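# Overview (structure and organization)
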Amino acid sequence: MFNLPELWVPAASTYARDVDFVFSLIFWIVAFWTVLTVGVFFYLMVRFRARDGVKSQYITGELKSEKKWITYPHLLVLVCDVFILVAAVRVWFTVKQDLPPAQETVRVVAQQWAWSFVHPGPDGALDTADDIRTVDELHVKADTLYHFKLASRDVLHSFSIPVFRLKQDVIPGRIITGWFKATKTGTYDIQCAEICGIGHALMPGRVVIETPEQHTAWMASQTGSVAVAALAPRGQE
């Protein structure tokens, strides 16, 4: 099926094209029925237009032969709905319900109006002395399965990475776990997809997807900030 979303936004996660498939499926089904309905509508207008010497008819739609023109298309639309529902539930389960084992975990903290990220350092574990903290810039390795731990410091936000086809609300007082596996290196947008106050539009971030070698080099470049974080008291980090 022709992948419409990828014409405008690249697909850069393992489940991005699965999400795109659902959008494309809905688009093509709706497009088919729209074209068919409009075509029939104009055909009927021309076919039964006013003519001299021909009396108009009042059709109530009560006869069985008349009802079939509503019943049959309705049943066909319901069949299409079943296909959409099955595809959507399958993708929902993959993205939201099934949590595969993590290779690495990152923490994402939303606040008015910035994103804070905590990356595992060289030891690969969070909440240790070599954690790397950044603002508005998330660094991840390609082909590595990440869990992310979402939290909010103030109001409702929504963590959105369009190239991953990922969107997850961030709810104050809760830590929400999700996952992604990036497939394409590069730098892409992170958005807040929930109106969270007057600075909502000023809350962009970016995700930098790197090769393992690039990610190792980036961690090495953060040695200074890691050393400062290790020396700082826990309450002042």
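Before reading on, note that the structure itself is shown above.
Here goes a summary of the coordinates provided. (Residues numbered from 1 in each chain as written. Predicted model: local features only at pLDDT ≥ 70, side-chain atom pairs only at ≥ 80, totals over all residues. Heavy atoms only, no water.)

## As for the pairing of strand E9 (residues 186-192)
- The pairing of strand E6 (residues 157-161) with E9 spans two bridges and is classified as antiparallel. Considered in E9, the bridge of Phe-159 is made with Cys-192.
- As paired strands, E9 and strand E10 (residues 205-210) are joined by five bridges and run antiparallel to one another. Bridge pairing links Gly-186 to Ile-209 in E10. (Pairing = 2+ DSSP bridges. Helix = DSSP H or I, 4+ residues; strand = E, 2+ residues; numbered from the N terminus.)

## Observations concerning the sheet that holds E6
- Within the open sheet, the five strands sit side by side as E4-E10-E9-E6-E7. Their pairing is mixed. Edge positions in the open sheet fall to strand E4 (137-141) and strand E7 (166-170), since each of these has one partner strand only. Between one strand axis and the next, the sheet turns through 20 degrees on average, direction left out of account.
- Alignment of E6 against E7, held across five bridges, turns out to be antiparallel. Bridge pairing links Phe-159 to Gln-168 in E7.
- Sheet contacts for helix H3 (residues 212-221): E4 and E10; angle to E4, the most-contacted strand, approximately 135 degrees. (Axes fitted to C-alpha atoms, helices over the stretch in contact; angles between N-to-C directions. Contact = heavy atoms within 4.5 Å.)

## Topic: helix H1 (residues 16-47)
- Its 32 residues place the ends of H1 46 Å apart at the C-alpha level, agreeing with the 46 Å of an ideal helix rising 1.5 Å per residue.
- Inspection of H1 places Ala-16, Val-19, Asp-20, Val-22, Ser-24, Leu-25, Ile-29 and Trp-33 among the buried residues, and these make up the whole buried set.
- Against helix H2 (64-97) lie the buried residues of H1. (Expected span 1.5 Å × (residues − 1). Buried < 20%, exposed > 50% of the residue type's maximum accessible area, 1.4 Å probe, protein only.)

## Digging into the sheet that holds strand E8 (residues 176-181)
- Reading across from one edge, E3-E2-E1-E5-E8 is the order of the five strands in this open sheet, with mixed pairing throughout. In this open sheet, the two strands that pair with only one neighbour each are strand E3 (132-135) and E8. Taking each pair of neighbouring strands and ignoring which way they run, the sheet shows an average axis angle of 25 degrees.

## Regarding the packing of H1 against H2
- Where H1 meets H2, the closest approach of the two axes is 9 Å, and the angle between their N-to-C directions is 170 degrees. Classed by the angle they form, the pair H1 and H2 counts as roughly antiparallel. Contacts between H1 and H2 involve Asp-18, Val-19, Phe-21, Val-22, Leu-25, Ile-26, Ile-29 and Trp-33 from the first element and Pro-73, Leu-76, Val-77, Cys-80, Phe-83, Ile-84, Ala-87, Ala-88, Arg-90, Val-91 and Val-95 from the second.
- Across the contact of H1 with H2, the residue classes break down as 17 nonpolar, no polar and two charged. (Parallel < 35°, antiparallel > 145°, perpendicular 65-115°, else oblique. Nonpolar A, V, L, I, M, F, W, Y, C, P; charged D, E, K, R; others polar.)

## Digging into the environment of Ile-176
- Tracing the backbone through its elements, the reader meets Ile-176 in strand E8.
- Here the alpha-carbon distance between Ile-176 and Lys-149, two residues 27 residues apart in the chain, equals 5.7 Å.
- Sequence-distant contacts of Ile-176, defined by excluding residues within four places in its chain, comprise Phe-148, Lys-149, Leu-150, Gln-168, Asp-169 and Ile-171.

## What to know about the pattern of salt bridges
- According to the stated counting rule, one finds five salt bridges in the structure shown.
- A salt bridge links Asp-169 to Lys-167; the nearest nitrogen and oxygen atoms lie 3.5 Å apart.
- Residue class for Asp-169 comes out partly exposed when judged on its relative accessible area of 27%.
- When its relative accessible area of 44% is taken as the criterion, Lys-167 is described as partly exposed. (Salt bridge = Lys/Arg side-chain N within 4 Å of Asp/Glu carboxyl O.)

## Regarding a nonpolar patch on the surface
- On the surface, Phe-32, Leu-36, Val-40, Tyr-43, Leu-44 and Phe-48 cluster together to form a nonpolar patch covering roughly 610 Å² of accessible area.
- Along the chain, Tyr-43 falls in helix H1. (Patch = residues over 30% accessible without salt bridge, like charges linked within 9 Å, V, L, I, M, F, W, Y side chains within 5 Å. Areas by Shrake-Rupley, 256 points an atom, 1.4 Å probe, with all protein chains shown as cover.)

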